[in-house]
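Given next are the chains, with one letter for each unit.
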Amino acid sequence: MTANAELIERLPKAEIHIHIEGSLEPDMMFSMARRNGITLPFNSVEDVKKAYNFNNLQDFLDLYYQGMSVLRTEKDFYDLTRAYLERVLAENVRHTEIFFDPQGHLARGIGFETCLNGLSRAIEDCEREYGISSSLIMCFLRHLDEADAEKTLDMALAHKNRIIGVGLDSSELGHPPEKFKRVFRRARDEGFLLVAHAGEEGPPDYVWQALDVLGVDRIDHGNRALEDAALVKRLAADKMALTVCPLSNLRLCGISDMADHPIQRMLDAGLMATVNSDDPAYFGGYMNENYSTLDKALGLSSDEITRLARNGFEAAFLDVDAKQAALEEFDSTIK
Ligand code: ADE
Ligand code: ZN
C-alpha cells in the first residue's frame, strides 16, 4: 500500500454531500423489491449494474428515481441508512450530513414521517452504537415548482429538531436557483441552514444565484465556478465550502478523465474544496475510493489529501464545540 493510500484510510473524514437514496446498492434494491412486491425492469443485479452507464445528470436521475421506488416502509429507510453508515464507518468516516429527497417519496404515496423516522432512527442508533454523528438535509427537487417545495417545507416545520438544513437537487439545467428564492428565504427564517447544487452542469451564473439570491452556506459541486475568475475570488474571500464529488463528476461526464478533475486547481485558487461520494451505489465508490481515484489520477501530495479531509470538518454544520473537538481529533491523528 502506498503512503497516500494508507493516509486516506487512516484520516478521520466527514462526508457532507451524500444522497441517501443514492446509496441504494443493487442487491438491496432487489431484496426490498422482493419484500415489497415490486417488479423492477431488471432481471438481476448484473443487469442493474450494466444500466449504470450515464452520459449526463439526467440519465442518472432517471435511474435514481426508478431505483428509489423500492423504498416504501420505515424499515426500508432505516435499513438503507444503517447500511450506508456502517459502510462508511469502516472507512473512518466520523461525521455525515445526509441529503434526502422527500418529494421523491411523497409523490409515490410514502408519508413524510415514514421516511424521516426511518432515517433518523438509523442515525440515532449508529451514533449510540458506533459514535458516528450525522445530520439530515432535506433537498427540494428543482425540476418541480416552488409551490411543491413550499408544501414540503411546511411538512418539515414540525421536525426542525431532526433536520439541520435544506438543499436543492435534481435536474440543474433550466432550473436556476432563483426559481426557489421565496422558499429558501422562508427556510432561512425558520432556522434551517442552506445548501444548493450549483455549477455541477449549470453555468457560473447559477453559483452566483445560489450565493446572492438564495444566500447558501455551502455550494454542492461548484465545479463550473472555475470558469469565472470573479466568482472564484468571491468564493475564496467568503471561505465558501464546495462539496466536490469526483467519481460523480467522472460518471456523469462532467470530465472525461479523472486526470482533468479540477479539485487541485480549486485548492490552488484558495477554495475550500471537500471530497464526497454523492451517490456511491451508482458512481462506483464511497469516500475512500473518491480520494484514492483522485490521488492516482492527479498525484496529490499528502498535504493536499490532509487539507481536503480537514476541510470536510471545517465545512461541516457542527456546532462550535463539536467542530473544535472534531478538528482537534483530526489534528492529533496527523502528528
Ligand atoms: N440527486 C442525487 N444526486 C444528484 C446529483 N449529483 N445532482 C443533482 N441531483 C442529484
Ligand atoms: Zn449531489
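Each remark here, short or long, concerns the structure printed above.
A brief report on the enclosed structure follows. (Residues numbered from 1 in each chain as written. Chains lettered and ligands numbered in written order. Predicted model: local features only at pLDDT ≥ 70, side-chain atom pairs only at ≥ 80, totals over all residues. Heavy atoms only, no water.)

Comments concerning the site of ligand 1
Around ligand 1, the neighbouring residues are His19, Leu57, Phe60, Leu61, Tyr64, Asp169, Ser170, His197, Glu200, His221, Asp278 and Asp279. Asp278 is positioned with one of its side-chain polar atoms (N or O) 2.7 Å from a nitrogen atom of ligand 1. Expressed as a share of its isolated accessible area of 260 Å², the protein-covered part of ligand 1 is 100%. In terms of residue count, the dominant contributor to the shell around ligand 1 is helix α4 (residues 57-67) (4 residues). The residue inventory of the shell around ligand 1, partitioned by class, reads 4 nonpolar, 4 polar and 4 charged. (Near = heavy atom within 4 Å. Polar contact = N/O pair within 3.5 Å; in protein donor to acceptor, adjacent residues only side chain to side chain. Areas by Shrake-Rupley, 256 points an atom, 1.4 Å probe, with all protein chains shown as cover. Helix = DSSP H or I, 4+ residues; strand = E, 2+ residues; numbered from the N terminus. Nonpolar A, V, L, I, M, F, W, Y, C, P; charged D, E, K, R; others polar.)

Regarding unusual backbone geometry
Look at Asn92: it is not a glycine, yet its phi comes out positive at around 70°. Of note, Asn92 is situated in the loop between α5 (74-89) and β2 (93-100). By relative accessible area, Asn92 is classed as buried at 17%. The phi dihedral of Asp278 is positive, around 70°, even though this residue is not glycine. Looking at the secondary structure, you find Asp278 in the loop between β8 (272-275) and α14 (280-283). (Buried < 20%, exposed > 50% of the residue type's maximum accessible area, 1.4 Å probe, protein only.)

As for the packing of α5 against helix α7 (residues 112-130)
Here α5 crosses α7 at 35°, and the two axes come no closer than 7 Å. For the element pair α5 and α7, the recorded crossing hand is right-handed. On α7, the residues touching Glu74, Phe77, Tyr78, Thr81, Arg82, Leu85, Glu86 and Leu89 of α5 are Thr114, Cys115, Asn117, Gly118, Leu119, Arg121, Ala122, Ile123, Asp125, Cys126, Glu129 and Tyr130. Tallied by class, residues from the contact of α5 with α7 come to 10 nonpolar, 4 polar and 6 charged. (Axes fitted to C-alpha atoms, helices over the stretch in contact; angles between N-to-C directions. Left-handed = near helix turned anticlockwise from the far one by under 90°. Contact = heavy atoms within 4.5 Å.)

Considerations on the pairing of β2
Along β2, 7 of the 8 residues are buried, which leaves the element largely enclosed by surrounding structure. Pairing of strand β1 (residues 13-19) with β2 involves 5 bridges; the strand directions are parallel. Its bridge partner lying in β2, His19 is registered against Phe99. Of the strand pairs in this sheet, β2 and strand β3 (residues 133-141) are connected by 6 bridges, and their pairing is parallel. Within the sheet, the bridge partner assigned to Phe100 lies in β3 and is Met138. (Pairing = 2+ DSSP bridges.)

Quick word on the packing of aromatic side chains
This structure, assessed with the given rule, holds 11 aromatic pairs. A centroid spacing of 6.3 Å and a plane angle of 90° characterise the contact between Phe54 and Phe283, whose relative ring orientation is edge-to-face. With Phe54 in the loop between α3 (45-51) and α4 and Phe283 in helix α14, this pair connects stretches of sequence that are 229 residues apart. Phe283 carries the same exposure label as Phe54, and that label is buried. One aromatic cluster is present, formed by Tyr52, Phe54, Phe60, Tyr64, Tyr65, Tyr282 and Phe283 through successive ring pairs. The positively charged end of Arg218 is found above the aromatic ring belonging to Phe317, 3.8 Å away from the centroid. (Phe/Tyr/Trp six-rings, centres within 6.5 Å; stacked < 30°, edge-to-face > 60°. Lys NZ or Arg CZ within 6 Å of the ring centre and 35° of its normal.)

That is the geometry; function is a separate question.
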